[in-house]
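These are the residues of each chain, in order.
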Amino acid sequence: MKLLPGRMQVLGWLPDALVSVRGDDRGRALYLTFDDGPHGGCTPALLDLLRAYRACASFFLVGRNVERHPELVQRMVDEGHRLGNHSYTHPQFGRLSLAQQLEEIDVTDRLLARFDGVRRHRFRPPRGVFSLGLTAHFAARRRNLTYWSYNSMDYQRGDPVEFIARMRAAPPKAGEVILMHDDGDCAIRMLETLLGEWQAAGFQFCALPHARQTHAAPEQDVAVRSANPG
Ligand SMILES: [Zn+2]
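Quick caveat: nothing in here was measured; it's all calculated off a predicted structure.

Enquirer: Please clarify how the packing of helix α7 (residues 160-169) against helix α8 (residues 186-200) should be interpreted in this entry.
Expert: Each pair of packed helices can be described by the angle between their axes along with the distance between the axes. Contact geometry for α7 and α8: axes closest at 9 Å, N-to-C directions at 40°. Crossing of α7 against α8: the hand is right-handed. Counting all contacts with α7, which are made through Pro160, Phe163, Ile164, Met167 and Arg168, the residues of α8 involved are Cys186, Arg189, Met190, Thr193, Leu194, Glu197 and Trp198. Classifying every residue of the contact of α7 with α8 gives eight nonpolar, one polar and three charged.

Printed below as a string of structure tokens:
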């Protein structure tokens, strides 16, 4: 299993101001990230598991799924997880104009803000598609794209025992951002075993820090926490 495919290695060379792939590695933090949810069948069990280990994570949510399962998004916020933006419909970003991409992002940012009061969330493009145009647009607004440094490959939906064995053979290091998904149960079945092992190895499971705040007027990244639907 290639934990850091070539493309990700290249993205890892870019400055954090453009693309972030890792978290703070000064302590013993691991950054679990889950894409494509919330999912009515799988996300509740994942949240139960994370709670049992007092683990915080980051969820890169698809806007239309947020509309389907607002109660799960609220639960994420209530239980200390961080919300990220993974577009509204999870389209092929490479086939969209920049304006269409920004619309996908803006609609989802507004949806998420109702729950956490944050105006601009970390954004991870669907399927990790990298676009120079979007990156430049973000950079001009002091915003970066969030990728990952450790790919669990859970989307291949194979035998979790095999995945666990591979991850044990090449375990994540402090500061790694781990890519997983909560629209299937593969990650849950891996983490049922691995969370305890990683915790015993001294790791703490942390949510990614908020996206870098811009200090430039007229826009503010963090809105007053007032629009929470409760
Ligand atoms: Zn995705």
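That was the structure; now back to the text.
Enquirer: Is there a simple way to think about the pattern of salt bridges in this case?
Expert: Side chains that carry opposite charge are capable of pairing whenever their charged atoms lie near each other. Following the criterion strictly, the structure yields 10 salt bridges and no others. Measuring nitrogen to oxygen at the nearest pair gives 3.4 Å for the salt bridge that ties Arg22 to Glu176. Of the two residues, Arg22 sits in the loop between β1 (19-20) and β2 (29-35) while Glu176 sits in the loop between α7 and β7 (177-181), which places them 154 residues apart along the sequence. Between Arg51 and Asp48 there is a salt bridge whose closest N-O contact spans 3.6 Å. Here the residue Arg51 and the residue Asp48 both occupy positions in helix α2 (residues 43-52), the gap between them amounting to three residues, near one helical turn.

Enquirer: In this structure, what is going on with the side chain of Thr33? I would like to understand it.
Expert: One can find Thr33 in strand β2. In this structure Thr33 comes out as buried when scored by relative accessible area, which is 0%. A distance of 2.9 Å separates polar atoms of two side chains, one belonging to Thr33 and the other to Arg124. Once residues lying within four places of it in the same chain are set aside, the contact partners of Thr33 are Ser58, Phe60, Arg124, Val177, Ile178, Leu179, Met180 and Leu208.

Enquirer: Quick question: what am I supposed to make of unusual backbone geometry here?
Expert: Excluding glycine, a negative phi dihedral is what most residues carry, and trans is how most peptide bonds are arranged. Residue Pro38 follows Gly37 across a cis peptide bond; omega there is 0°. Its location among the elements puts Pro38 in the loop between β2 and α2. Even without being glycine, Arg54 reaches a positive phi, approximately 50°. Relative to the helices and strands, Arg54 resides in the loop between α2 and β3 (58-61). Positive phi, normally seen in glycine, also occurs at Arg142, with a value near 55°. With respect to the helices and strands, the residue Arg142 is situated in the loop between α6 (132-140) and β5 (145-146).

The rules we used
Residues numbered from 1 in each chain as written. Predicted model: local features only at pLDDT ≥ 70, side-chain atom pairs only at ≥ 80, totals over all residues. Heavy atoms only, no water. Axes fitted to C-alpha atoms, helices over the stretch in contact; angles between N-to-C directions. Helix = DSSP H or I, 4+ residues; strand = E, 2+ residues; numbered from the N terminus. Left-handed = near helix turned anticlockwise from the far one by under 90°. Contact = heavy atoms within 4.5 Å. Nonpolar A, V, L, I, M, F, W, Y, C, P; charged D, E, K, R; others polar. Salt bridge = Lys/Arg side-chain N within 4 Å of Asp/Glu carboxyl O. Buried < 20%, exposed > 50% of the residue type's maximum accessible area, 1.4 Å probe, protein only. Polar contact = N/O pair within 3.5 Å; in protein donor to acceptor, adjacent residues only side chain to side chain.

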